[in-house]
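The primary structure of each chain is shown beneath.
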Amino acid sequence: LRNRLVMPPMASSKARPDGGMSDELLAYYDEKSRGGALGLAITEHCFISEQGRNRVGQPSVADDAMIDGLAALAEVFHGNGVPAVVQISHAGAASAEPEKRLVGPSDVATPIGSGRAPRALTGEEVADIPCQFAAAARRVKEAGFDGVELHSAHAYLLNQIGRAHV
């Protein structure tokens, strides 16, 4: 990295309703990464599965159909001379979508998000989540990004697992 100035992940809600890259989102990141000041950029958190989506407007890495849009975003950053990583996440019980059936490590509501009690994930679902993270990371790599960051804070699923027995 050319310096230690890092653009942190900040939710913009500018992706298409399906989580695909929009012109508005590409322009947003172009504006933020122009000028040569950044040493690294971290995208806003992108959902690894529809079950793990937090909100409409959140970018997706949940399907191979998203790779071309992600590649366009990687080109924006690299065209501006900025290495970039994609933050990937599963919202779990912290999802802000009001109609969504929430899931979590237990049926205990998280203090962040809707406050609704989630359905406890099944053993099969728990076993599949690492595979979903791995598939998302593969898509990020195929799109040409420089790395991946796992979102495990703010009461999202990976953070909920540590709090399941609290």
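Now for a description of the structure that goes with this document. Just so we're clear, the structure is a prediction, and the values are computed from it rather than from any experiment.

**What about helix α1 (residues 23-33)?**
- Leu25, Leu26, Tyr28, Tyr29 and Ser33 are the residues of α1 that are buried. For α1, the buried positions fall inside an angular range of 155 degrees around the axis, keeping them on one side. Exposed positions of α1 whose direction lies more than 90 degrees from the buried face are Asp23 and Glu31.
- For α1, the secondary structure elements touched by its buried residues are β1 (6-7) and α2 (67-79).

**Some thoughts on the packing of aromatic side chains**
- With the rule as written, the count across this model stands at 3 aromatic pairs.
- Note on Tyr28 and Tyr29: the rings are 5.0 Å apart at their centroids and 75 degrees apart in plane angle, and the pair reads as edge-to-face.
- Since its relative accessible area comes to 15%, Tyr28 is described here as buried.
- Tyr29 gets classed as buried once you look at its relative accessible area, which sits at 1%.
- Pairing Tyr29 with Phe77 gives two aromatic rings, centres 5.3 Å apart and planes at 55 degrees, and the pair type is tilted. With a gap of 48 residues between them, Tyr29 in helix α1 and Phe77 in helix α2 connect regions that are remote in the sequence.
- On the basis of relative accessibility, which here comes to 0%, the residue Phe77 falls in the buried class.
- Taken together, Tyr28, Tyr29, Phe77 and Phe145 form an aromatic cluster joined through their ring pairs.

How each quantity is defined
Residues numbered from 1 in each chain as written. Predicted model: local features only at pLDDT ≥ 70, side-chain atom pairs only at ≥ 80, totals over all residues. Heavy atoms only, no water. Buried < 20%, exposed > 50% of the residue type's maximum accessible area, 1.4 Å probe, protein only. Helix = DSSP H or I, 4+ residues; strand = E, 2+ residues; numbered from the N terminus. Arc of directions from axis to C-beta. Contact = heavy atoms within 4.5 Å. Phe/Tyr/Trp six-rings, centres within 6.5 Å; stacked < 30°, edge-to-face > 60°.

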